[in-house]
Amino acid sequence: MSKKSYNELRSSRWFSDIGKAGYIHRERIAQAGFSRSDYEGKPVIGIFSTWSELNPCHIHFRERAEDVKRGVWSAGGFPVEVPCMSLGEPYMKPTTMLYRDLLAMEVEENILAHPIDGVVLMGGCDKTTPAMLMGAFAQDIPCIYLPAGPMLTGRWRGHALGSGTDASRWFNELHAGRITKAEFDEMETAGARSPGTCQTMGTASTMTLLAEVMGLSLPGAASIPAPDSRHRHMATECGKTIVDMTWNDRKPSTFIIRSSFENAIRVLNALGGSTNAPIHLIAMAQRLGFKFKLDDFDESLSQLPVLANIKPSGQYLMEDFYYAGGLPALMTRIKDNLDLTTENVRCETLRQTIENAHVYDDDVIRPIDKPVSDKGGLAVFKGNLAPSGCVIKLSAASQKLLRHEGRAIVFGDRQDAFSRINDPALNIQPEDILILRYCGPKGRGLPEWGMLPIPDTLLKKGVRDMVRITDARMSGTHFGTVFLHVSPEAAVGGALALVQDGDRIEIDADKKEINLLISDTELEIRKAAWKPVDPAPESHYRELYRSRVNQAHEGAILDTCAHPNNNNFRDNACE
Ligand code: FES
């Protein structure tokens, strides 16, 4: 690959210009404290940071940005730190999903409008990974992904605590009367005791690991715990690597191929990864011009068992996964199922990446003949209730509920569910099926409301799981027999909108079917009588989002972002 000359870099249009515009750009960079020798002849590297005090998962990013700068300077680049919207899962309501594409567009525009030649993308908390990569894919400039890294294992009274998974588990124990409120409160300071993303195999670790599978991060990067000094080393290496990538014009379109995504889908299964991953991978692939359907996931996903023994599917947490060898080690176990010719940011093939990797703990990263679950991680179910599909994490579901028939109990929205779930008049039984609807992309923006609570009366009897069906999402850290992302959603008149209290619903895991047991004629009558429920306007952006977003099985992507634009839009910056 030929090395670029300085005049071929985008930033040279700003800083080498001999007219008044160039004078102003240089004057202003001097204002920021830099002299010509700091930047002349060097690629400008944007360090896109999603630091925010409202995103504790990224609270170490100020320090990490300095580590990246150290790497950029030492490799002969000129680093500039650029703040980007931080999508912190804990606080953003109703859901960060509303803002994935907004952050993608922000990243895209920050690249397009500024004198930037290559970018280090600093993210990790759930949607930040797909969003930042989608933005960089759209402009197709050299980029490297710096994952925030998982937080340390939570510790409380001898128990290991994993984000989300154990909050739900212990909350149920509280409501079952097995622990006291004081004990539950004590856990608050024990679960998230360091910077970093959720240490379960939730959406954050799933997506950062899949970015690494696709070659967009340095090998091993996504498993390193956030406070580990090796995370700082990795950040500095990102800075060095992006300078090299920029000179060599190593942009995503030069090394991300369809197989990169197919590898990610296969690893997703072996990880027991998040149910949110199909939505994001479908959206990300579209930005590079690859089409994936939900069905593609099922075909690939069916092939591999779950090997990562990480909560919510397993027992351990991401810190254990790192000590057991991390992602490169896991990939050695499934290498026969991967395309080992795919490449990474450093031009190494996947074969080279994993050739010296070893598994150091067979219980954390299981051998293929001793899996955590041989059923596979995710599955796509279809039927008259979900003609375009819905997703379930089989490895985190109750096997006995996967072939099941039950009575539907319908909740119109989350508030309705929480206010009525303990209503004795509903007389909810363990075999009933709870329905939550009008929460899809156009309904409420696809929030993580899918894991409806189990009534206290049943918790006290020891019930910990029930079948739940929804057009919402669920946190990747959660567990249970929950059918998610039912598509089409209720807000566009999907079959979920037509379910009535008392209807019978059948789940058949062998056929991967989910059906409302009413006749086609009755279904048509209900469809004809259905009237859309218009949600009250909340904000200008949310109105725009609802009018342009597509369905979950299509990636829940804004239609304007659904096509690859790298060859269609002209880079006229600095004209
Ligand atoms: Fe940030 Fe889970 S809340 S990664």
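Details of the structure are given in the entry above.
Residues numbered from 1 in each chain as written. Predicted model: local features only at pLDDT ≥ 70, side-chain atom pairs only at ≥ 80, totals over all residues. Heavy atoms only, no water.

(A) Quick look at the overall build of the protein chain. A tally of helices and strands in the protein chain yields 21 helices and 14 strands. Relative to the compact-globule value of 25 Å for 575 residues, the protein chain shows a C-alpha radius of gyration of 24 Å, a close match. For the protein chain, the C-alpha atoms occupy an extent of roughly 80 × 55 × 45 Å along the three principal directions. Taking all 575 residues of the protein chain together, the buried fraction comes to 60%. (Helix = DSSP H or I, 4+ residues; strand = E, 2+ residues; numbered from the N terminus. Rg over C-alpha atoms; globule rule 2.2 N^0.38 Å. Buried < 20%, exposed > 50% of the residue type's maximum accessible area, 1.4 Å probe, protein only.)

(B) Up close: the environment of Thr-241. Inspection of the secondary structure assignment puts Thr-241 in helix α10 (residues 229-247). C-alpha separation for the pair Thr-241 and Asn-55, spaced 186 residues apart in sequence, amounts to 27 Å. Filtering out sequence-adjacent residues up to four positions away, Thr-241 remains in contact with Ile-144, Leu-218, Val-345 and Arg-346. Here Glu-237 takes part through its backbone oxygen, which lies 2.7 Å from a polar atom of the side chain of Thr-241. (Contact = heavy atoms within 4.5 Å. Polar contact = N/O pair within 3.5 Å; in protein donor to acceptor, adjacent residues only side chain to side chain.)

(C) Molecular detail of the environment of Thr-342. Take Thr-342: it is sitting in the loop between α16 (326-333) and α17 (350-354). With 47 residues separating them in the primary sequence, Thr-342 and Asp-295 have C-alpha atoms 23 Å apart. With residues up to four places along the chain from it excluded, the contact list for Thr-342 reads Ile-257, Ser-259, Ser-260, Asn-263, Glu-348, Thr-349 and Leu-350. Side chain to side chain, Thr-342 and Asn-263 meet in a polar contact 3.3 Å long.

(D) Up close: the sheet that holds strand β2 (residues 78-83). As summarised here, the arrangement of the four strands in space is β2-β1-β3-β4, forming an open sheet in which the pairing is parallel. What marks the edges here is a single partner per strand, and that holds for β2 and β4 (143-147). Strand-to-strand, the axes of this sheet are offset by a mean angle of 20°, without reference to chain direction. As defined by bridge partners, strand β3 (residues 118-123) adjoins β4 across five bridges and the pair is classed as parallel. (Pairing = 2+ DSSP bridges. Axes fitted to C-alpha atoms, helices over the stretch in contact; angles between N-to-C directions.)

(E) A look at unusual backbone geometry. The omega angle of the peptide bond from Lys-311 to Pro-312 is 10°, so this bond is cis rather than trans. Residue position: Pro-312 is located in the loop between α14 (294-301) and α15 (318-323). A cis amide bond, omega 0°, links Ser-487 with the succeeding residue Pro-488. Secondary-structure assignment places Pro-488 in the loop between β12 (482-487) and β13 (504-508). Despite not being glycine, Asp-126 shows a phi value in the positive range, around 30°. Locating Asp-126 in the fold gives a position in the loop between β3 and α6 (128-139). Residue Asn-427 is not a glycine yet carries a positive backbone phi of 50°. In this structure, Asn-427 sits in the loop between α18 (414-420) and β10 (433-436).

(F) Molecular detail of helix α13 (residues 277-287). Burial runs high along α13: eleven of the eleven residues are buried. All of the buried residues along α13 are Ala-277, Pro-278, Ile-279, His-280, Leu-281, Ile-282, Ala-283, Met-284, Ala-285, Gln-286 and Arg-287. Gly-289 sits one or two residues past α13 and shows a positive phi near 90°.

(G) Spotlight on the packing of aromatic side chains. Inspection of every chain in the model, using the stated rule, returns 13 aromatic pairs. Relative to Phe-78, the ring of Tyr-39 has its centre 5.9 Å away and its plane inclined at 50°; by these criteria the two rings are tilted. With Tyr-39 in helix α3 (residues 36-39) and Phe-78 in strand β2, this pair connects stretches of sequence that are 39 residues apart. With respect to burial, Tyr-39 and Phe-78 carry one shared label: buried. Through successive ring pairs, a cluster of aromatic residues spans Phe-15, Phe-34, Tyr-39, Trp-73 and Phe-78. If you follow Lys-3 out to its NZ or CZ, it ends over the ring of Trp-247, 5.5 Å from the centre. (Phe/Tyr/Trp six-rings, centres within 6.5 Å; stacked < 30°, edge-to-face > 60°. Lys NZ or Arg CZ within 6 Å of the ring centre and 35° of its normal.)

(H) View of helix α2 (residues 20-31). The terminal C-alpha atoms of α2, which comprises twelve residues, lie 16 Å apart, in line with the 16 Å expected from a rise of 1.5 Å per residue. The set of residues buried in α2 consists of Gly-22, Arg-26 and Ile-29. Axial view of α2: buried residues confined to an arc of 60°, hence all on one face. In α2, the exposed residues that point more than 90 degrees away from the buried face are Lys-20 and Gln-31. Looking at the buried positions of α2, the neighbouring elements they touch are α1 (12-15), α3 and β2. Remark: Gly-33 follows α2 within two positions and exhibits a positive phi of approximately 105°. (Expected span 1.5 Å × (residues − 1). Arc of directions from axis to C-beta.)

(I) Here's a closer look at the side chain of Thr-129. Looking at the element boundaries, Thr-129 is found in helix α6. Classification of Thr-129 by relative accessible area gives buried; the value is 0%. In this structure the side chain of Thr-129 is engaged in a polar contact, spanning 2.6 Å, whose partner is the side chain of Tyr-145. When neighbours within four sequence positions are excluded, Thr-129 is seen to be in contact with Gly-124, Tyr-145, Met-207, Thr-208 and Ala-211.

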